[in-house]
Amino acid sequence: MSNVTLGGDAVELSGNFPQPGETIQPFTLTNNSLEDVKLSSWDGKRKILSIFPSIDTGVCAASTRKFNEKAADLDNTVVLVISADLPFAFARFCGAEGLDNVISLSSFRNYSFQQDYGVAMQTGPLAGLCARAVIVLDENNKVLHSELVGEIKDEPNYDAALNAL
């Protein structure tokens, strides 16, 4: 179990956050077409998992825009933005913003993702949502970089994530 903060107040997380060198377990999440997709859908590609509470917050929106911008220059890499938001919210936001270099995925049907990846907020006003984190995977789903952002209101370290590729 890990702890992060939200506005300086402690928030407990459950599960074990993946660490560099580990191979992550498979997941199933829901895309904007309400289809269940598996991590294996991107076998052979490097992956950046940008995990956050809700696309409808300023920091989450900013990080999605930033990763969308950076993804255009990445070879053999997909950027998966993940939250408990409904796919409709992702479709609305990405459509309005013209973001087509990120793939949005929802954990709304697959809460086990949050537990399995150690980002399930158990306490605080956002309990039930994902904490902010970035996990970078190689082509075989080995963790190259992982950052559990200590303060949920802060943006992740984009350079560290991108330099891990």
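Residues numbered from 1 in each chain as written. Predicted model: local features only at pLDDT ≥ 70, side-chain atom pairs only at ≥ 80, totals over all residues. Heavy atoms only, no water.

Asker: Got a sec to walk through the pattern of salt bridges? Specific residues and values, please.
Answerer: A side chain with one charge may pair with a side chain of the opposite charge, provided their charged atoms come close. A full pass over the atoms with the stated rule returns three salt bridges. The closest approach of N and O atoms between D56 and R92, which form a salt bridge, is 2.9 Å. Residue D56 is located in the loop between β5 (46–51) and α1 (58–71), and its partner R92 is located in helix α2 (residues 87–97); the two are separated by 36 residues in the primary sequence. You can call R92 partly exposed: its relative accessible area is 45%. (Salt bridge = Lys/Arg side-chain N within 4 Å of Asp/Glu carboxyl O. Helix = DSSP H or I, 4+ residues; strand = E, 2+ residues; numbered from the N terminus. Buried < 20%, exposed > 50% of the residue type's maximum accessible area, 1.4 Å probe, protein only.)

Asker: Explain the side chain of S106 to me, and be specific about the residues and the numbers.
Answerer: Note on placement: S106 falls in strand β7 (residues 102–106). On the accessibility criterion, S106 (1% relative accessible area) is buried. In contact with S106, other than residues within four places in its own chain, are L29, T30, S83, A84, D85, L86, P87 and F90. (Contact = heavy atoms within 4.5 Å.)

Asker: Tell me what's going on with the nonpolar core, and back it up with residues and numbers.
Answerer: By size, the foremost hydrophobic cluster in this structure holds 28 residues, and its most contacted members are F27, L49 and I51. Secondary structure elements with two or more residues in this core: β1 (3–6), β2 (9–14), β5, β6 (77–83) and β9 (133–137). In this view, F27 contacts V37, K38, L39, L49, L80, L105, F113 and Y117; residues no more than four positions away in its chain are not counted. (Core = buried A, V, L, I, M, F, W, Y, C linked by side-chain atoms within 4.5 Å.)

Asker: Outline the environment of G58, listing residues and values.
Answerer: Considering the arrangement of structural elements, one finds G58 in helix α1. G58 gets classed as exposed once you look at its relative accessible area, which sits at 57%. Spatially, the C-alpha atoms of G58 and N16 are 27 Å apart, while their sequence positions differ by 42 residues.

Asker: Tell me what's going on with the side chain of K47, and back it up with residues and numbers.
Answerer: Structurally, the position occupied by K47 is in strand β5. Among buried Asp, Glu, Lys and Arg side chains, K47 stands out as unpaired, with D43 the closest opposite charge at 5.5 Å. (Lys, Arg positive; Asp, Glu negative; His and termini not counted.)

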